[in-house]
Amino acid sequence: MSEHPAATDTLEPQDLLRELEPVVERLLSRHLNHATDWFPHQYVPWGRGRDFEGPLGGEPWDESQSSLPLPVRSALLVGLLTEDNLPSYHHAVAQELGQDGAWGAWLNRWTAEEDRHATAMRAYVHASRCMDPLVLERSRMAQLSRGFTPHHHEDLLANAAYLMVQELGTRVTHRNTGRHSGDPACDQLLSRIAVDENLHMLFYRDLFAAALERWPDQAMCALAEAVTSFRMPGAEMAGFRRLTMHVAVAGIYDQQVHHGEVLQPLLRHLRVWQWPGLSAPGEAARDRIARYVRDLGEAGARFDERRSHLMARQAVSPVLPAS
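The following paragraphs examine the structure supplied in this document.

Calculation rules
Here the residue index of a chain counts from 1 through its sequence in written order. Only residues with pLDDT of 70 or above have their local features reported here, since the model is predicted, and side-chain atom pairs are shown and tallied only from 80 upward, although totals for entire chains, interfaces and linings are computed over all residues. Calculation of side-chain values draws on the structure's entire complement of heavy atoms; hydrogens and water are dropped beforehand. Here, nonpolar core refers to any group of buried Ala, Val, Leu, Ile, Met, Phe, Trp, Tyr and Cys residues whose side-chain atoms link them within 4.5 Å. Buried, partly exposed and exposed residues are distinguished by accessible area as a fraction of the type maximum, computed with a 1.4 Å probe on protein chains only: under 20%, between the cut-offs, and over 50%, respectively. Under the DSSP-based scheme used, a helix requires at least four consecutive residues in state H or I and a strand at least two consecutive residues in state E, with every element numbered from the N terminus. The contact criterion used throughout is that any non-hydrogen atoms of two residues lie within 4.5 Å. Expected span of a helix, by definition, is 1.5 Å for each gap between consecutive residues, and there is one gap fewer than residues. Any N or O atom pair separated by 3.5 Å or less is treated as a polar contact, with the protein-specific requirement of one donor-capable and one acceptor-capable atom, and with residues adjacent in sequence counted only for side-chain atom pairs. Interaxial angles span 0 to 180 degrees and are taken between N-to-C directions of axes, which are lines fitted to C-alpha atoms, for helices over the stretch in contact. Each angle gets one of four labels, with under 35 degrees taken as roughly parallel, over 145 as roughly antiparallel, 65 to 115 as roughly perpendicular, and the rest as oblique. Two helices cross in a left-handed way if the nearer one is turned anticlockwise from the farther one by less than a right angle. They cross in a right-handed way if the turn is clockwise. Classification used: nonpolar for Ala, Val, Leu, Ile, Met, Phe, Trp, Tyr, Cys and Pro, charged for Asp, Glu, Lys and Arg, polar for all others including Gly.

## Concerning the nonpolar core
Alright, step 1. Counting 85 residues, the largest nonpolar core has Leu 20, Leu 76, Tyr 124, Met 164, Leu 207, Met 220 and Leu 223 as the members making the most contacts within it.
Alright, step 2. Here this core takes 13 residues from helix H7 (residues 184-214), the largest share from any one element.
Alright, step 3. Those residues within four positions of Met 220 in sequence are excluded, and the remaining contacts are Leu 212, Val 272, Trp 275, Leu 278, Gly 282, Ala 285, Arg 286 and Ile 289.

Structure, rendered in structure tokens:
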């Protein structure tokens, strides 16, 4: 690697790609050494499945066929539609990173693993009849037709920071969804997917840590932007606010979870609060992160106080729009 520029310098995206490629190569090698193959067909309860209405003359879906709690169905729908949009993510990230060298090799591996998640989750949903398959398919078509634009597509470091937070948030969401499901098959599947998401988080976290070591001010500013403007990639899907409210009220993923199980561990690992030698822009960015984290914690506490009231309202709310 070439000699590092001064800490206060701001590098252009192509320079960042070149400087960080050896790090990507190392992290990809580590990922491949730790990742283990698994097979979706082994995690799906096929014995519960039966034909649906249509050309095969099966049984129409009915709400009574689902044994999963409403918040779990909402979490599964959001998670699955998010995974379904993978072609848009791949295209967007490939435009930024390219498809050559270590960056391209990582992108292709990440894509293959994320696609496996969608395959497994959809098979589980169909076999278990936990939600209306017509609504699910129409929602998938709408989501993919809408496409996706990264929130920080012009800032490589902010995008890496975003992915670090998003992958950990996804891991936590899947793990909690399984635990709340009351279905051992759902819990086992989502726990296995969460293992992949954790490895993805470690890749992006350690990539960002390397950038923070080299360009602390630029990286701290990127981190502040990613943290304070964070939204899950499925935020533009139809009904997202209602669905995520179901998830939040149940405690599967809410402001306190995002604060305590996602942001705080990441910021501690990166030693954000102890990072020395920042210039004025870096210090300002760190202060911005601190204010946001404090406000998020306070908002989470207020939400928790309203939880019982919100749970009563949620009890009469449908998980999906009518088909």
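## Comments concerning helix H11 (residues 280-305)
Alright, step 1. The first and last C-alpha atoms of H11 sit 38 Å apart over 26 residues, in line with the 38 Å expected at 1.5 Å per residue.
Alright, step 2. Of the positions making up H11, those classed as buried are Gly 282, Ala 285, Arg 286, Ile 289, Val 293, Leu 296, Ala 299, Gly 300 and Phe 303.

## Observations concerning the side chain of Ser 66
Alright, step 1. Its location among the elements puts Ser 66 in the loop between helix H1 (13-34) and helix H2 (70-84).
Alright, step 2. Only 3.4 Å separates the side chain of Ser 66 from the backbone nitrogen of Leu 68, close enough to count as a polar contact.
Alright, step 3. Those residues in contact with Ser 66 that sit more than four places away from it in its chain are Arg 73, Arg 129 and Cys 130.

## Quick notes on the packing of H2 against helix H9 (residues 240-249)
Alright, step 1. Direction vectors running N to C along H2 and H9 enclose 130 degrees, while the axes themselves pass 8 Å from each other. Considering their axes alone, H2 and H9 lie oblique with respect to each other. The crossing of H2 and H9 is left-handed. Here Leu 70, Pro 71, Ser 74, Ala 75, Leu 77 and Val 78 of H2 come into contact with H9, specifically with Phe 240, Leu 243, His 246 and Val 247.
Alright, step 2. For the contact of H2 with H9, the class distribution of residues is eight nonpolar, two polar and no charged.

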